[in-house]
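Now for the letters of each chain:
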Amino acid sequence: MDEPIKMKNNGQISIMLNMNKRDKNKNLYEKVSSQSLPGQHAILNEIESEMDSLVGLDHIKKTMKEIYAWIYINKKREAAGLKTSPQVLHMMFKGNPGTGKTTVARLIGKLLHKMEVLPKGHLIEAERADLVGEYIGHTAQKTRDLIKKASGGILFIDEAYSLGRGGEKDFGKEAIDTLVKHMEDKLHTFILILAGYSKEMDYFLSLNPGLHSRFPLVFHFPDYTINELMEIARRMVREKQYEFTREAEAKLKEHLIYAKGMNRSIFSNGRYVRNIIESAVRAQAMRLLSESRLNRDDLMTLHTRDLVFTKNSTST
């Protein structure tokens, strides 16, 4: 019986995963904890609280504090009549699907809005189809319209490398040229975040060497470990007011080890876990449909039989 459990260079500053720098500054981060900061850093405390609710992403969380510190101290220097460095905040997110890129982009928008860097801080999500048109001039107009919608906030383009796949005659190049122009002309009006797989993004940048220097902040989103994926699953089911049996949890862990090993390059991490949980909830509902009497535990518990993995599920 199942038993319920109760519970780079080229102008880029690769701030996020510069491991040597992180090791040297390890003591600095330990000293500058949230508890040691004065009370006026309520904005940082709020963002850190939301970041702490996310599984993993330790280096991302440290980078968020760096961005906050950079903006905060620049404001203090400006108030004191001192020179300040230009705050170019266009960013690049590199990593596989389901590693938290969109979630972090929203939190960055919220942080920059609260710090009065962005008037709105909203996030506009886009992909190739939203930018690339069907004839000459159409792409530039579509891209300008998106930038206008993102004014005061963030324009987040996922799978941005797809804009460079068609070569010189492809309209994707027109979208790139329009984005680059507006990044310069409207430097303090909106922030552009390009996201995608690490290797593909590196190739995309090689097509236009001038792009490197325009993205001073590079975030690397690592794949989740098996333990992190299991913690994500536990949090998802708790949020939905479900719980795994011990056997179901063991079955899920075994499957995640297999799925990640079989499809490491395309494994969709947290997104994959979410799809499994949603499928299990539906399977549980079908299982309980024929029961005449249901108690609270019946309605909450996900059993091993509710975890059904299809042939295609390893790459979902």
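Above this text you will find the structure in question.
What counts as what
- Residues numbered from 1 in each chain as written.
- Predicted model: local features only at pLDDT ≥ 70, side-chain atom pairs only at ≥ 80, totals over all residues.
- Heavy atoms only, no water.
- Core = buried A, V, L, I, M, F, W, Y, C linked by side-chain atoms within 4.5 Å.
- Buried < 20%, exposed > 50% of the residue type's maximum accessible area, 1.4 Å probe, protein only.
- Helix = DSSP H or I, 4+ residues; strand = E, 2+ residues; numbered from the N terminus.
- Contact = heavy atoms within 4.5 Å.
- Expected span 1.5 Å × (residues − 1).
- Phe/Tyr/Trp six-rings, centres within 6.5 Å; stacked < 30°, edge-to-face > 60°.
- Salt bridge = Lys/Arg side-chain N within 4 Å of Asp/Glu carboxyl O.

### Digging into the nonpolar core
Working step 1: Counting residues in hydrophobic clusters, the biggest one holds 54 residues, and the most contacted among them are Met-91, Phe-93, Ile-108, Phe-219, Phe-244 and Leu-256.
Working step 2: Among the elements that line this core, the one with the most residues is helix α10 (residues 226-239), at 7 residues.
Working step 3: In this structure Met-91 touches Ile-67, Ile-108, Leu-192, Ile-193, Leu-194, Phe-215, Leu-217 and Phe-219, once residues within four positions along its chain are discounted.
Working step 4: Ranked by size, the runner-up nonpolar core spans 26 residues in total, among them Leu-131, Leu-146, Met-183 and Phe-204.

### Section: helix α8 (residues 172-185)
Working step 1: Taking 1.5 Å per residue, 14 residues should reach 20 Å; α8 reaches 20 Å between its end C-alpha atoms and fits that length.
Working step 2: Turning to α8, its buried residues are Gly-172, Ala-175, Ile-176, Thr-178, Leu-179, Val-180, His-182 and Met-183.
Working step 3: Those residues of α8 hidden inside the fold are in contact with α6 (128-131), α7 (138-150), β3 (154-157), β4 (191-196) and α9 (198-206).

### Structural notes on the environment of Leu-252
Working step 1: Mapped onto the elements, Leu-252 comes out in helix α11 (residues 246-262).
Working step 2: Assessed through its relative accessible area of 1%, Leu-252 is described here as buried.
Working step 3: In sequence terms Leu-252 and Met-230 are 22 residues apart; their C-alpha atoms lie 8.0 Å from each other.
Working step 4: If sequence neighbours within four positions are ignored, Leu-252 has contacts with Met-230, Ala-233, Phe-244, Ile-276 and Leu-307.

### Considerations on the packing of aromatic side chains
Working step 1: Counted by the stated rule, this structure contains 7 aromatic pairs.
Working step 2: Taking 6.2 Å as the distance between ring centres and 65° as the angle between the ring planes, the aromatic pair formed by Phe-93 and Phe-156 counts as edge-to-face. Here Phe-93 is found in strand β1 (residues 91-95), whereas its partner Phe-156 is found in strand β3, with 63 residues between them in sequence.
Working step 3: Relative accessible area serves as the criterion here: at 2%, Phe-156 is assigned to the buried category.

### Quick word on the pattern of salt bridges
Working step 1: Scanning the model with the defined rule gives 11 salt bridges in all.
Working step 2: A salt bridge links Glu-46 to Lys-114, with the shortest nitrogen-to-oxygen separation between them at 3.5 Å. On the criterion of sequence distance, the pair formed by Glu-46 in helix α3 (residues 42-52) and Lys-114 in helix α5 (residues 101-114) is long-range, its members being 68 residues apart.
Working step 3: Look at Lys-114 and you get partly exposed, because its relative accessible area is 34%.
Working step 4: Sharing partners across several salt bridges, the network here consists of Glu-231, Arg-234, Arg-235, Arg-238 and Glu-249.

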